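# Observations on chain architecture
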Amino acid sequence: MTLKKTSLILLLCLCALLLFSACQGAKPDLDQKQADVAVLMDSVIANDKNAAVALMEHVPIASQAQLDAFWNELLRIYDGASTYKIKFISWNTTYSFTDQSSLTTVVYQAKADTKACAEFTLTYDGEDLLRGINVTDVTERSSPVIIIVRVLLILGFAASLALCIWMTVDCVKRPIRFKVLWIILIWVSVILQVSMIGTSFRFNFSFTVIPTWGSLLATVSSFLLRIPVPAGALIYLSVRKKIKPKASKQSTEAPAQPSVSDLESTLIDQPEATETPAPADEEAASQEDAQEPKSDEQTEE
């Protein structure tokens, strides 16, 4: 790596470090904003509307009816509450380069001793003045139907895990092609997610390699259901008997030529063939036999 490339990489790292440092320095004063939520909660528990109105001094309110509806909603959510706990959720700051302004949004949850819970979304301007407030009732619902669905989700998770293990063992035992890829596919699950916030209905899905728990979250204003489906194990279960087996290793080497010793042993083991004499040979042999006695007689004389 040349010196020029090294210097460029170091410069980019330094710029990124400065950027992260600037973002960290731009973090809003969360303690003060949590204190605003505490003031609003104290005014609701004490039923002190004037204290809440004083907190929303810079919040644009369209009409008195809108303010009354907002206040009555808070009284309904925290009816009978005496204590509460505030939990920080998130914050976000957006900048506008046209008018050099910024808006910071901070989200908190306040849960009372009555199990009532609401989500407070506070909006602040560049001067850190409260410019907007929104309250959403996120108190969890509890009913026999919800309990039954949650139990079914637990049983479904156990069944999905057992199916994945069973199909993995079956895949290991079978002499099939691409065995490793099939094992990975078996553990792939699809998570179906159905959500409803107010009147907005959404449906989406995602993939995961490790089976997860299903969940059901039902509040007064929202509904979220997550159902994991072992899609990979179900696919393998339906096609496992149709998967082509792994090709057996066949020897591609040329057959060995027989050696000289093998040929000799073959010739020794085979019986000698007796050829039938031809007719002409038979006549010549008979003539020779007839001449032999005469020669013997001449020898005796």
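Residues numbered from 1 in each chain as written. Predicted model: local features only at pLDDT ≥ 70, side-chain atom pairs only at ≥ 80, totals over all residues. Heavy atoms only, no water.

## Focus: the overall build of the protein chain
If you tally the helices and strands in the protein chain, you get nine helices and eight strands. Going through the 301 residues of the protein chain one by one, you find that 25% of them count as buried. Sequence-distant contacts, at least 24 apart, represent 54% of the contacts inside the protein chain between residues at least 6 apart. Carbon and sulfur atoms provide 61% of the accessible area of the protein chain, an area that totals close to 21,700 Å². (Helix = DSSP H or I, 4+ residues; strand = E, 2+ residues; numbered from the N terminus. Buried < 20%, exposed > 50% of the residue type's maximum accessible area, 1.4 Å probe, protein only. Contact = heavy atoms within 4.5 Å. Areas by Shrake-Rupley, 256 points an atom, 1.4 Å probe, with all protein chains shown as cover.)

## Focus on the pattern of salt bridges
As enumerated under the stated definition, the model contains seven salt bridges in all. Asp 128 serves as the salt-bridge partner of Lys 33, at 2.6 Å between the closest nitrogen and oxygen. Residue Lys 33 is located in helix H2 (residues 30-45), and its partner Asp 128 is located in the loop between strand S3 (117-124) and strand S4 (130-137); the two are separated by 95 residues in the primary sequence. Residue Asp 128 is classed as partly exposed on the basis of its relative accessible area, which comes to 36%. Linking Lys 49 and Asp 68 is a salt bridge whose minimum nitrogen-to-oxygen distance equals 2.5 Å. (Salt bridge = Lys/Arg side-chain N within 4 Å of Asp/Glu carboxyl O.)

## Description of the side chain of Ser 43
Take Ser 43: it is sitting in helix H2. Classification of Ser 43 by relative accessible area gives buried; the value is 3%.

## Structural notes on H2
Its 16 residues give H2 an end-to-end C-alpha distance of 23 Å, which sits within 8% of 22 Å, the value for a rise of 1.5 Å per residue. Within the sequence span of H2, burial applies to Leu 30, Lys 33, Asp 36, Val 37, Ala 38, Leu 40, Met 41, Ser 43 and Val 44. Of the surrounding elements, those touching the buried residues of H2 are helix H3 (49-55), helix H4 (64-77), strand S1 (84-96), strand S2 (101-112), S3 and S4. Positioned one or two residues after H2, Asn 47 has a phi angle of 55°, which is positive. (Expected span 1.5 Å × (residues − 1).)

## Quick notes on a nonpolar patch on the surface
Together, Met 196, Phe 201, Phe 203, Phe 205, Phe 207 and Phe 223 make up an exposed nonpolar region whose accessible area comes to about 680 Å². Topologically, Phe 207 is positioned in strand S6 (residues 200-208). For Phe 207, a relative accessible area of 60% gives the class exposed. (Patch = residues over 30% accessible without salt bridge, like charges linked within 9 Å, V, L, I, M, F, W, Y side chains within 5 Å.)

## Thoughts on the packing of helix H5 (residues 144-173) against helix H7 (residues 231-239)
Axis separation between H5 and H7 bottoms out at 9 Å; the angle between their running directions is 45°. By the angle class used here, H5 and H7 are oblique. Crossing angle aside, the handedness with which H5 passes H7 is left-handed. Contacts between H5 and H7 pair Leu 163, Cys 164, Met 167, Asp 170 and Cys 171 from the former with Ala 233, Leu 234, Tyr 236 and Leu 237 from the latter. (Axes fitted to C-alpha atoms, helices over the stretch in contact; angles between N-to-C directions. Parallel < 35°, antiparallel > 145°, perpendicular 65-115°, else oblique. Left-handed = near helix turned anticlockwise from the far one by under 90°.)

## Brief notes about the sheet that holds strand S8 (residues 222-229)
Pairing is antiparallel across the open sheet formed by four strands, whose spatial order is S6-S5-S8-S7. Looking along the sheet, the strands with just one partner apiece sit at the ends: S6 and strand S7 (215-218). With strand direction ignored, the average angle separating the axes of adjacent strands in the sheet is 10°. Relative to S8, strand S5 (residues 189-197) runs antiparallel, the two being bridged by eight bridges. Each bridged residue has a counterpart across the sheet, and for Ile 197 the counterpart in S8 is Ser 222. Its contacts with the sheet put H5 on S7 and S8, and the angle it makes with S7 is roughly 160°. (Pairing = 2+ DSSP bridges.)

## Let's talk about the confidence of the model for the protein chain
For the protein chain, per-residue confidence averages 79 on the pLDDT scale, and 72% of positions sit at 70 or higher. The model gives residues 20-25 a pLDDT under 50, and that stretch makes zero contacts with residues more than four places away or in other chains. pLDDT under 50 marks residues 294-301. Its contacts with residues more than four places away, or in other chains, come to zero contacts. (pLDDT = per-residue confidence, 0-100.)

## Digging into the pairing of S1
Taken together, the 12 bridges between S1 and S2 define a ladder with antiparallel strand orientation. Within S2, the residue paired with Tyr 84 across the bridge is Ala 112. Count of turn residues in the S1/S2 antiparallel hairpin: four residues, of which Gln 100 carries a positive phi of about 55°.

## Some words on unusual backbone geometry
With phi around 55°, Asn 47 is a residue other than glycine that occupies positive phi space. With respect to the element layout, Asn 47 can be found in the loop between H2 and H3. The class of Asn 47 is exposed, set by a relative accessible area of 51%.

## Quick word on the pairing of S8
The pairing of S7 with S8 spans four bridges and is classified as antiparallel. Each residue of the ladder has a partner; that of Ser 215, found in S8, is Arg 226. Between S7 and S8, which follow one another and run antiparallel, lie three residues.

## Overview of the sheet that holds S4
A sheet is described by the order of its strands in space; here four strands give the open sequence S1-S2-S3-S4, paired in antiparallel fashion. Edge positions in the sheet fall to S1 and S4, since each of these pairs with one other strand and no more. With direction set aside, neighbouring strand axes in the sheet form an average angle of 15°. Contacts from H2 reach S1, S2, S3 and S4 within the one sheet, and its direction differs from that of S1 by about 130°. This element, H4, spans S3 and S4 of the sheet and lies at about 40° to S4.

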